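Residue strings, one per chain:
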Amino acid sequence: MISLVLPTLGNRVEELKRLFNSLMLQEYKDFEVIVVSQDNYNLVEQLLKNVNFKYKHVKIERKGLSHARNVGMKYVEGDIVCFSDDDCWYPPNSLQRVYDIFSENEGDIICFQIYDPIQKIYYKNYSKREENPVSFRGLLNKSSIEIFVNLKKVKKEHIRFDENFGLGTKFPSGEENIFLTDLYKKRYIVRYIPEIIVFHKKKSEKEIKFSKQYFVGKGPMFKRIFNSFMAIILIIIFFIRKYPKLEEPVTSLLIAFREIIRYKKSIH
């Protein structure tokens, strides 16, 4: 069975309807959805009354994407787990392909591709070649909704997101990169297969802006994965590359340096 852990604030009604509809159309039926509501519980419950798939609705008061995923993991019963977003959706053959690929290969963790079918563009610049294993550097370019984990190979207690990172926290990004690099350091193999598994709308270049909080959070994220020296080098590179898209760029860089110094790595 495949388990999808789905955190939601319950404030994206149309997106949730689209996601649920895509799941009801799946060719592969042996899956469950762990819906972790952080708000608007009754609205989410009403939407779930119309679905025909197996689900658990977990209601929590504390907000935070990583926290919600960790809570959701406690309810997972499947052999394969993935982390869905309430604004993504799936092609009808997605879960069947995931099941078939894991059945054939018995991999630890497999990453796939995200595609925007509305604009007919890929979510990022994906390689056309399979990667087995994905390099450590390559792990920094993965998104959470393209990650599938084999719980027959990966210990369930190792599936944990750092709750200092991700939406709803002081450092609102990078949680999936930390998640994958933590697993890499535990000697699990991350593989990449160039197949579209999930849909998600991609922002246009004009829409992409990096808030001060988002940029500042990259500093501690780099320190969490590497060390202080590498964090400073990488935040400078990130600053140069993203400068035109940054909010208050110079101020953001100075605050990022400060947060790198202040941030203390947690023990994992």
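A short tour of the structure in this document, coming up. In this text the structure is predicted, and so the values were computed from the model without any measurement. (Residues numbered from 1 in each chain as written. Predicted model: local features only at pLDDT ≥ 70, side-chain atom pairs only at ≥ 80, totals over all residues. Heavy atoms only, no water.)

## As for the overall build of the chain
For clarity, the cut-off: Here a strand is any run of E in DSSP of at least two residues, a helix any run of H or I of at least four, and the numbering for each starts at the N terminus. As defined in this context, the radius of gyration uses C-alpha atoms, and a globule is described by 2.2 Å times the residue total to the power 0.38. In these tables, accessible area is a Shrake-Rupley quantity obtained with a 1.4 Å probe, and a residue counts as shielded only by the protein chains included in the view. For the purpose of counting charges, residues Lys and Arg are taken to be positive, whereas Asp and Glu are taken to be negative. His and the chain ends are not included. One atom stands in for each charge, and that atom is NZ of Lys, CZ of Arg, CG of Asp or CD of Glu.
Counting its secondary structure elements, the chain contains eight helices and nine strands. A compact globule built from 268 residues should have a C-alpha radius of gyration of about 18 Å, and the chain, at 18 Å, falls within 12% of that. Expressed along its principal axes, the backbone C-alpha trace of the chain runs to roughly 50 × 40 × 40 Å. In the structure as shown, the chain presents an accessible area of about 13200 Å², 52% of it carried by carbon and sulfur atoms. The chain carries 45 positive and 33 negative side-chain charges, and their two centres are separated by 6 Å.

## Observations regarding the packing of helix 6 (residues 212-225) against helix 8 (residues 249-262)
Put simply, the test is: A fitted line through C-alpha atoms represents every axis, and for helices the fit uses only the stretch in contact; the resulting angles, taken between N-to-C directions, go from 0 to 180 degrees. Each crossing gets its hand from how the near helix is turned against the far one by less than a right angle, where anticlockwise is left-handed and clockwise is right-handed. Any two residues having at least one pair of non-hydrogen atoms within 4.5 Å are treated as being in contact. Nonpolar residues are Ala, Val, Leu, Ile, Met, Phe, Trp, Tyr, Cys and Pro. Charged residues are Asp, Glu, Lys and Arg, and all others, Gly as well, are polar.
Where helix 6 meets helix 8, the axes come as close as 8 Å, and the angle between the chain directions of the two elements is 35°. Along this stretch, helix 6 crosses helix 8, giving a crossing that reads as right-handed. Contacts between helix 6 and helix 8 involve Lys212, Phe215, Val216, Gly219, Pro220 and Lys223 from the first element and Thr251, Ser252, Leu253, Ile255, Ala256, Glu259, Ile260 and Ile261 from the second. Within the contact of helix 6 with helix 8, the residues separate by chemical class into eight nonpolar, three polar and three charged.

## Things to note about the environment of His57
Counted only if it meets this: Counted as a polar contact is a pair of N or O atoms within 3.5 Å, where, for protein atoms, one must be capable of donating a hydrogen and the other of accepting one, and residues adjacent in sequence contribute only when both atoms are in side chains.
Along the polypeptide, His57 turns up in strand 3 (residues 54-59). For the pair His57 and Tyr41, spaced 16 residues apart in the sequence, the C-alpha separation amounts to 9.0 Å. Here Ser37 takes part through its side chain, which lies 2.5 Å from a polar atom of the side chain of His57. Among the polar contacts listed, one links the side chain of His57 to the side chain of Glu45, at a separation of 2.7 Å.

## Structural notes on the side chain of Asp162
With respect to the element layout, Asp162 can be found in the loop between strand 8 (147-150) and helix 5 (175-185). Looking at Asp162, its side chain comes within polar contact range of the side chain of Arg224, at 2.8 Å.

## As for the packing of aromatic side chains
Think of a pair of aromatic rings as described by two things: how far the centres are apart, and how the planes are tilted against each other in angle. Put simply, the rule is: Stacked, edge-to-face and tilted labels apply to pairs of Phe, Tyr and Trp rings (six-membered ring for Trp) whose centres lie within 6.5 Å, assigned for plane angles under 30 degrees, over 60, and everything in between, in that order. Between buried and exposed lies partly exposed: a residue is buried under 20% and exposed over 50% of the maximum accessible area for its type, with that area taken using a 1.4 Å probe on protein chains only. Whether a charge lies above a ring is judged from NZ of Lys or CZ of Arg, which has to be within 6 Å of the ring centre and within 35 degrees of the ring normal.
Taken as a whole and judged by the stated rule, the model has 22 aromatic pairs. Ring centres 5.5 Å apart and planes at 85° place the aromatic pair Phe112 and Phe148 in the edge-to-face group. Here the residue Phe112 occupies a position in strand 6 (residues 109-116), and Phe148 occupies one in strand 8, the gap between them amounting to 36 residues. Their ring planes at 70° and their centres at 6.2 Å tell us that Tyr122 and Tyr126 sit as a pair that is edge-to-face. Of the residues examined, Tyr122 reaches a relative accessible area of 39% and is grouped as partly exposed. Note on Tyr126: relative accessible area 12%, which makes it buried. Members of the aromatic cluster, each reached through a chain of ring pairs, are Trp89, Tyr115, Tyr122, Tyr126, Tyr192 and Phe199. Over the aromatic face of Trp89 sits the side chain of Arg18, whose NZ or CZ is 3.7 Å from the ring centroid. Sitting over the face of the ring of Phe161, Arg69 holds its NZ or CZ atom 4.9 Å from the ring centroid.

## Some words on the pairing of strand 9 (residues 190-200)
The two faces of a sheet get side chains in turn, since along a regular strand they alternate between them. Note the cut-off: The criterion for strand pairing is that DSSP finds at least two bridges linking the strands in question.
The buried fraction of strand 9 is high, at eight of 11 residues. For strand 6 and strand 9, the ladder comprises six bridges, and the chain directions are parallel. Bridge pairing in strand 9 places Ile109 opposite Val190.

## Digging into the environment of Lys203
Looking at the secondary structure, you find Lys203 in the loop between strand 9 and helix 6. Sequence spacing of Lys203 and Phe53 is 150 residues, and the spatial spacing of their C-alpha atoms is 30 Å.

## Some words on the nonpolar core
Stated precisely, the cut-off is as follows: Here, the term nonpolar core denotes a set of buried Ala, Val, Leu, Ile, Met, Phe, Trp, Tyr and Cys residues that are joined through side-chain atoms within 4.5 Å.
Counting 61 residues, the largest nonpolar core has Leu4, Phe20, Ile109, Val149 and Phe179 as its most contacted members. Judged by nonpolar contacts, the second largest core, of 18 residues, contains Ile178, Met221, Ala231 and Ile235.

## A few points about the pattern of salt bridges
Basically, it comes down to this: By salt bridge we mean one thing: a side-chain nitrogen of Lys or Arg within 4 Å of a carboxyl oxygen of Asp or Glu.
Counted according to the given criterion, the structure contains 19 salt bridges. One salt bridge connects Arg224 with Asp162, and the closest N-O pair in it is separated by 2.8 Å. Residue Arg224 is located in helix 6, and its partner Asp162 is located in the loop between strand 8 and helix 5; the two are separated by 62 residues in the primary sequence. Judged by relative accessible area, Arg224 falls into the buried class, the value being 5%. In this structure, a network of salt bridges that share partners links the residues Glu32, Lys54, Lys56 and Glu77.

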